[in-house]
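# An overview of the molecular structure
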Amino acid sequence: AMPWAATRAVSPVTTQIDAHLVELLRLLQRQGVFSGLALDASGRATINLPFCGSLGEAPAMAQFFAREVLDATPGLRGVRFFGTDVSLAAAGTMAVMASQVDSRISFEVQECDLGCTELPSAALSIGLHPQPLPRSELWGRIIRNVLRSSDRCVFTCWMLPEAEELVRIIQAAP
């Protein structure tokens, strides 16, 4: 059992969402997204999680990295996840629970508006369902901010119009 299992109420919906996340992370791993990440002097990679909301994905993400990425990636000694959103709700609690999965993994959260606050540099950004509004200059600034922060960025979207807007923003980025 995971350390967080006793304190995290896991509904069938959460279990299904976690399974889909793990499926996505396995796909990214097969495609080499986690290979060759930029590491700090201690061998840790920073992964930004923009628009993280309540950070409900954190425990499953931590478990995946602990079991399937850390030992399989030469030189990678740890991962620091940095989550941001304009409102964090329960993200702090989720960050604490996820950080207990493995001592090599940490989660930090910061409430901020990515339309006007720069993300710190990271080896990778994983933006789960940003929901960009069509032709919104604010969302253009937010997505460009994420792109500037990382060598590699992965975005997922719930609906095709969101994905199309995201592609439009990325293609227009300098």
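For the structure itself, look to the data block above.
Okay, so let's go over this structure.

Reading the values: rules and limits
- Residues numbered from 1 in each chain as written.
- Predicted model: local features only at pLDDT ≥ 70, side-chain atom pairs only at ≥ 80, totals over all residues.
- Heavy atoms only, no water.
- Axes fitted to C-alpha atoms, helices over the stretch in contact; angles between N-to-C directions.
- Helix = DSSP H or I, 4+ residues; strand = E, 2+ residues; numbered from the N terminus.
- Parallel < 35°, antiparallel > 145°, perpendicular 65-115°, else oblique.
- Left-handed = near helix turned anticlockwise from the far one by under 90°.
- Contact = heavy atoms within 4.5 Å.
- Nonpolar A, V, L, I, M, F, W, Y, C, P; charged D, E, K, R; others polar.
- Buried < 20%, exposed > 50% of the residue type's maximum accessible area, 1.4 Å probe, protein only.
- Phe/Tyr/Trp six-rings, centres within 6.5 Å; stacked < 30°, edge-to-face > 60°.

### A short note on the packing of helix α4 (residues 137-149) against helix α5 (residues 160-172)
Between α4 and α5, the shortest axis-to-axis distance is 10 Å and the interhelical angle comes to 65°. On the basis of their axis angle, the class for α4 and α5 is roughly perpendicular. When the axes of α4 and α5 are compared, the crossing they make is right-handed. Taken together, the residues of α5 that come into contact with α4 (itself represented by Trp 139, Gly 140, Ile 143 and Leu 147) are Leu 166, Ile 169 and Ile 170. Here the residues of the contact of α4 with α5 are counted per class, giving six nonpolar, one polar and no charged.

### Side note on unusual backbone geometry
Residues apart from glycine generally show negative phi values, whereas peptide bonds are mostly found in trans. Of note, the phi angle at Leu 55 is positive, near 65°, even though the residue is not glycine. With respect to the helices, strands and loops of the structure, Leu 55 is situated in the loop between β1 (44-49) and α2 (58-69). Among the residues examined, Leu 55 registers a relative accessible area of 3% and is labelled buried. Here His 129, not a glycine, exhibits a phi torsion of approximately 40°, which is positive. If you trace the backbone, His 129 turns up in the loop between β4 (122-128) and α4. A residue is classified by how much of its surface remains accessible, and His 129, at 25% relative accessible area, is partly exposed.

### Digging into the environment of Ala 38
By the secondary structure assignment, Ala 38 is in the loop between α1 (12-30) and β1. Considered as a pair, Ala 38 and Gln 16 are 22 residues apart in the sequence and their alpha carbons are 31 Å apart. In this structure, Ala 38 is in contact with Arg 44, Ala 45, Ala 123 and Asp 151, ignoring residues within four places of it in sequence.

### Description of the packing of aromatic side chains
Under the criterion given, the structure shown has seven aromatic pairs. Counting every residue linked through ring pairs, the aromatic cluster contains Phe 34, Phe 64, Phe 65, Phe 81 and Phe 107.

Everything listed is a geometric property; what it means functionally is a separate question.
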